[in-house]
Each structure stands twice: as structure tokens, then as C-alpha cells.
Amino acid sequence: MTGYAIETHGLSVYYGRHRGILDVDLRVEQGEVFGFLGPNGAGKTTTQRVLMDIIRPTAGEARVFGRDCQKDGVAIRDQVGYLPGELAFYDSMKARRFFRMYASLQKGNRDPGYWQTLSDRLELDTSRKIGQLSRGNKQKLGVVTAFMSKPDLLILDEPTTGLDPLVQQTVMELVREANQAGATVFFSSHILPEVQAVCDRVGIIRDGQLVATEGVEDLMTQHFKRVRLCFATTPPDDAFTQEGVTVLARDGQGITLEIRQDLDKVMAAAAALGITDIETIPVSLEEIFLAYYGKGNGGGNA
Amino acid sequence: MLRLLLQELRFRRGAIIGWGLGLCFFPVVYVGLYPSFAEQMESFNEIMDLAIYQAMGINMAGFEGYVASTVTNLIPVILAVYAVINGTGTLAGEEDNGRLELIISLPIPRWQIVAVKAVALGVALVLILAITSAGAALTLVAIGGQVETNVTAVDLFLGLMSSWPLVMAFGMISLFLGTGSPSRRIAGMIATVVVVVSYLGSNLTGMITSLESIEWLFLFHFFDATAEALENGQQLGNVLVLLAVALVAFGLAVFFFQIRDVTVGAWPWQRGRMPEAAGE
């Protein structure tokens, strides 16, 4: 038994000859909120489906709470709440009947009536047939389904898709509360501010390969920095022509730089020019994410 | 598991009532109208001696032959259509429309999910047949005084119910095809071909002596739809063969669903391979 909620080694999935994910080594610690980022088709859903034993790995292994996802799938799923990315329900059922049925089939459900509390918080009308619900309400249904057993691990595939901003906020509150109650949360998302707001760490997957796994704060401070320097006189044009330094803007005696190397050389050059002020400009997770995909300012070397 | 089974039956409630009453209409009309043309049917004696009719189990001379040739002969064929629709729709269909992902993410072994679906399909077939058979039997009771026959209402009821092993076999074959095929559409096409070939093949091998050696290949061969079977029941050996086919098909469904990459939609031999293994 390892201390990890999720652990994969060399996990690869091929669909025929098409690559889904390749050599993914991932570790999600128990009790953390882990954001899984990547564009469409990068391999996020594939990874989550392997963890749920919905599809089987072509190579490598995946473990949840130290158990093999294939051999111990039933025991694992007893501890997991899952929200698929592509939701489909039995349209002829009323939402509450669906919840009652689903709760009755979850052996590890610690609070069979919790779905009602969750539905109330998300303002989901459970007396209506599922087929009559809007896309957003069906998403709420999926969110309630994932959280209703108070699981030890939540695997959520883009949980706020199709929800309005207020409900998105409620869902993020549910994530925080579940985490505070001891649950590990592993979720993929395209909405980077919410990842930034709730995640302890993030993994970035690109073309099926995990290219970075770091703490959100570390990622934001270490990947690149953006600073505005002010000088007593206008600095010469070539003052910061260095490897890994990009001049983003100039305004009189000020200059804004994006720095992808150690600060020492830049600071040394700035000191030689008579620096009067330094301002660090916050970099959002979204900008870092785009940089990893070569679409940010001066990106491409991530 | 019982709750899941009850839920599965609840999903099929409409289909059970609809198919039951729909099929019921068939024997009610055929049996109910018999007294109005009973005399004319007697004149069919000579025609019914033709090999093609004998091979197809059709002999409309007399009430027993008429009922066997129409109701007993055709209801299993029609009900096999339901077995194909439901057998391929229950796992393959749910995978196609995305509902299966939530079900298999429950802490339930996959074999139990297949078992519940199979039992639900079996119960649905029993209930549809029961409604149909009851309709036929009650109609016979209603016209009893106008028809000379040894067949009782109970015979008719049991005669129709005895087609359950046959349609169950088709249901399980359809279920198995659904677990091994990329999509419900493909599974449904193959299952339909199996039913049609089985029906026509059974009739053909009955007509052509040289083909008798392969008649066992066609499932309809193991269901006796003649007047004799209506009075004496099906042969136990044939019933056991059909049940064995259903059991084997169920076993294959469990096996293929166990190894299936759900949501991928591929044949079993199209499973992912690492480039090295694929020789790339």
C-alpha cells in the first residue's frame, strides 16, 4: 500500500495503432486536489477511464490507493466518485429515482440521502424526468452522482462544463469541502482560473505525454517570470539581449521583461544600468498553460 | 443486485406491455376468426401434402394444423426480432449512447452487470410470451364450442410458451454479439442475419434431403412448430440444446464484456498495441 491516491507507471493506451497516452508516470498524493490540464485529445479522459477500469492499459500499470485498477476495480470503485466527461442518463427516469437507484448500488455509500442535500445546493429539480432537463442541469446531475457517496477519491472530467458561473462556484466549493473532509480530488478542466483557485498541484498533458507535474505556486513562480524594471535613464535597446529574455514592452525609462532563465544575469545587467524600481507582474496559470503549448508570449521552449 | 434487476425490468416495462399486447393481437385474430372459415380450411388437405408445406411445418387442414402453421410457427420469429433489438440494445446500445460508462463505474463486477441484463431479457421474453399465450388461450376458450379439436387452452398456452428457449437463445446470441462488436448497429445486423438464416436454413434443410446433415446448424430446427408438438410438447433434447446455446452465448458475452474497452467501440482483435508489438 503506497501513500498515493493515484499512481501510474509507464501507463500507455493505444487505440489500435493510435496513441491515447504514452508512458504516463503520475502520482497524486492522498488528500490533495490535483488538476489535470491539457487540450482536447491530449489524453485526460483516457487516463481517467483507465483509473476507473473502463478501458485497459496497453502497457504500464495504474493503481488507486495502492490497488491495481484492473484486478481490484470493484474495491476501487467503491471508494471513488466519478464524473464522466460525456454524460448520458436514462431519460425516462426522474432524477430522484436515478439517485436512489444509484445510491443503492454504491456499497460504500456513507450517506444514502446526501444526494438530496447536494441537489438542493445546486438547485437541481429532482422531481423532473432526466430527459426534460437542460444540459446544465444534466451536468448538475452528474456532479451530484459523483459526490453523493462521499467518496475517498473524486475523479472528475471537466466538472463545470455547461454550468453557469454561479453554479461553477458552488461546484468548486463542493470540491474544497470534500477535500477538507479528507477526499482526494483528481479533476481535469479547461477553466484555468478554477484550477488555479482550488488545486494544490497540476499535471499538464500534451499529445498523450505528461510534460509537467508541479505545485500550482511552483509552476507559476518557476516556469517564467514577468518583471517591470525602471531606470534613472532610458536603457539602451540591446541592454537585455540575452538567451531566455524577451522584451515585452518599453515605455520611457521602464521596460517589461519575460524571463525564462535565472534572474542573476538580468539583475546584474539592470544594476549596471542604474535600476530604480522592480515590479513583479503576476503570471496566470493560463499563460503558463499556453506557454507549454507554444502559444503564449515568447512561448515554445516549455 | 436485485435492485438493478428490478430497474432493468422497469426500463423494459413499456416494451413488455407493448410487445405482449402487439403479439397477442396476432393469435387472437388468427384463432378468433377460425370458426368463420373452418370449412374452407378442410379443402386444403391435398395442397398441404406438398413437400414445401410439410418442410415448413405448415398444415392448415384442421384447427391444430392451422394454429401451428400460423401462430406457433410465426410468433417465435417475430419475438426473435425483439430478442435481437433488446439483446443488442442492452449493452452495446447503452455503450453507444454513453449510459454504460456510469453503470460500470459502480462497484459492481462486470459479469454481474451482464448477468442482470441477461436475466432481465429472459424475464421480459417470458412475460411477453405469457401475455401472448394467455391471449391465444383465452380466445380458444371463447370459441371453444365452435371448433372441433383436441388442443386445449392449456396446450395452446404451453405450446407458445415453449418457444422461450429458442428466443432466449437468440437474445443471448445478440447480447454476446453486442459485447464483441464495435457498435450496436453492427451487432444488430449480424444477429438479424443469424435469425433469418436460421429460419430459412431450417426450412430449407427440411425440404432437401441432402442437406439434412447440416440442419443442426440452424436453431429453428430445434423448435417443433407442428400440430404434434402443440399437443405433446417439445422434445426435451431440443429444449436442452437451445438452453445450452443460450448458456454458451451468455458465457461468451461475459468473457467479451470482461475484456472490453468500453467506450472505444472496436472489435476484440483491434485492441491497442504498442508500436514495437505492432512492428512499427
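Cut-off values and rules
Residues numbered from 1 in each chain as written. Chains lettered and ligands numbered in written order. Predicted model: local features only at pLDDT ≥ 70, side-chain atom pairs only at ≥ 80, totals over all residues. Heavy atoms only, no water. Helix = DSSP H or I, 4+ residues; strand = E, 2+ residues; numbered from the N terminus. Buried < 20%, exposed > 50% of the residue type's maximum accessible area, 1.4 Å probe, protein only. Contact = heavy atoms within 4.5 Å. Areas by Shrake-Rupley, 256 points an atom, 1.4 Å probe, with all protein chains shown as cover. Lys, Arg positive; Asp, Glu negative; His and termini not counted. Charge placed at Lys NZ, Arg CZ, Asp CG, Glu CD. Arc of directions from axis to C-beta. Pairing = 2+ DSSP bridges. Axes fitted to C-alpha atoms, helices over the stretch in contact; angles between N-to-C directions. pLDDT = per-residue confidence, 0-100. Parallel < 35°, antiparallel > 145°, perpendicular 65-115°, else oblique. Left-handed = near helix turned anticlockwise from the far one by under 90°. Patch = residues over 30% accessible without salt bridge, like charges linked within 9 Å, V, L, I, M, F, W, Y side chains within 5 Å. Salt bridge = Lys/Arg side-chain N within 4 Å of Asp/Glu carboxyl O. Core = buried A, V, L, I, M, F, W, Y, C linked by side-chain atoms within 4.5 Å. Expected span 1.5 Å × (residues − 1). Bend = angle between axes of the 7 residues up to and from the residue.

### Describing the overall build of chain B
Within chain B one finds 11 helices and zero strands. Of the regular secondary structure in chain B, the N- to C-terminal order runs α-α-α-α-α-α-α-α-α-α-α. If one aligns the C-alpha atoms of chain B with their principal axes, the spans along those axes are about 75 × 45 × 30 Å. Split into buried and exposed, the 280 residues of chain B put 51% on the buried side. For chain B, long-range pairs separated by at least 24 residues make up 78% of all intrachain contacts whose partners lie at least 6 apart in sequence. For chain B, the accessible area works out to roughly 12,400 Å², and carbon and sulfur atoms hold 66% of it. Where the 12 positive side-chain charges of chain B centre and where its 20 negative ones centre are 24 Å apart.

### A few points about helix α10 (residues 285-292) of chain A
Taken together, the buried positions of α10 of chain A are occupied by Leu 285, Ile 288, Phe 289, Ala 291 and Tyr 292 of chain A. End-on, the buried residues of α10 of chain A take up no more than an arc of 160°, which puts them together on one face.

### Some details on the sheet that holds strand β1 (residues 4-15) of chain A
Residues and elements named next belong to chain A. The strand order across the open sheet formed by four strands is β2-β1-β4-β5, and the pairing between neighbours is antiparallel. Every interior strand has two partners, whereas the edge strands, β2 (18-29) and β5 (67-68), have only one. By the bridge criterion, two bridges tie strand β4 (residues 59-64) to β5 in an arrangement that is antiparallel. Residue pairing in the sheet places Val 64 in a bridge with Arg 67 of β5. Running at roughly 115° to β1, helix α1 (residues 44-51) makes contact with β1, β2 and β4 of the sheet.

### Description of the confidence of the model for chain B
All names here are of chain B. Summary statistics for chain B give a mean pLDDT of 90 and a share of 91% for residues scoring 70 or more. Confidence, expressed as mean pLDDT per element, reaches its minimum in chain B at helix α3 (residues 51-55) with 64 and its maximum at helix α8 (residues 164-180) with 98. Predicted complex, confidence summary: ipTM 0.85, pTM 0.85.

### Comments concerning the sheet that holds strand β9 (residues 201-206) of chain A
Residues and elements named next belong to chain A. Taken in spatial order, the six strands make up an open sheet running β6-β7-β8-β3-β9-β10, and their pairing is mixed. Edge positions in the sheet fall to β6 (80-83) and β10 (209-215), since each has one partner strand and no second. Neighbour-to-neighbour, the strand axes of the sheet open up by a mean angle of 15°, direction not taken into account. Contacting β3 (33-37), β7 (153-157) and β8 (184-188), helix α6 (residues 165-180) crosses the sheet at an angle of about 150° to β8.

### Quick notes on the packing of helix α1 (residues 2-33) of chain B against helix α6 (residues 110-143) of chain B
Residue and element names in this part refer to chain B. Between α1 and α6, whose axes approach to 7 Å, the crossing angle comes to 25°. With respect to each other, α1 and α6 are oriented roughly parallel. In terms of crossing hand, the pair formed by α1 and α6 is right-handed.

### Points about a nonpolar patch on the surface
A cluster of nonpolar side chains, contributed by Met 189, Ile 190 and Val 194 of chain B, occupies part of the molecular surface with about 220 Å² of accessible area. Structurally, the position occupied by Ile 190 of chain B is in helix α9 (residues 184-207).

### So, the nonpolar core
Residues Val 64, Phe 98, Phe 99, Phe 147, Leu 156, Phe 186 and Phe 187 of chain A are the most contacted members of the largest nonpolar core, which totals 151 residues. If one sorts the elements of this core by residue count, α6 of chain B sits on top with 13 residues. Leave out the neighbours within four places in its chain, and Leu 156 of chain A touches Gln 48, Leu 83, Ala 146, Phe 147, Val 175, Val 185, Phe 186, Phe 187 and Ser 188 of chain A.

### Observations regarding the pattern of salt bridges
Summed over the entire model, instances satisfying the criterion amount to 18 salt bridges over all chains. A salt bridge links Glu 32 of chain A to Arg 201 of chain A; the nearest nitrogen and oxygen atoms lie 2.8 Å apart. One end of the pair, Glu 32 of chain A, is in the loop between β2 and β3; the other, Arg 201 of chain A, is in strand β9, with 169 residues separating them in the sequence. Judged by its relative accessible area of 7%, Glu 32 of chain A is buried. With a shortest N-O distance of 3.5 Å, Arg 271 of chain B and Asp 261 of chain B are connected by a salt bridge.

### Focus: the confidence of the model for chain A
Looking at chain A as a whole, its pLDDT mean stands at 89, while 95% of the residues score no less than 70. Every residue in residues 297-302 of chain A is under pLDDT 50, and counting partners more than four places away or in other chains gives 16 contacts.

### Some remarks on helix α4 (residues 63-96) of chain B
Residue and element names in this part refer to chain B. The first and last C-alpha atoms of α4 sit 46 Å apart over 34 residues, in line with the 50 Å expected at 1.5 Å per residue. The axis of α4 is deflected most strongly, by about 50°, at Gly 89. Among the 34 residues that make up α4, 28 are buried, leaving the element largely enclosed by the rest of the structure. Gly 98, located one to two residues past α4, shows a positive phi value of around 90°.

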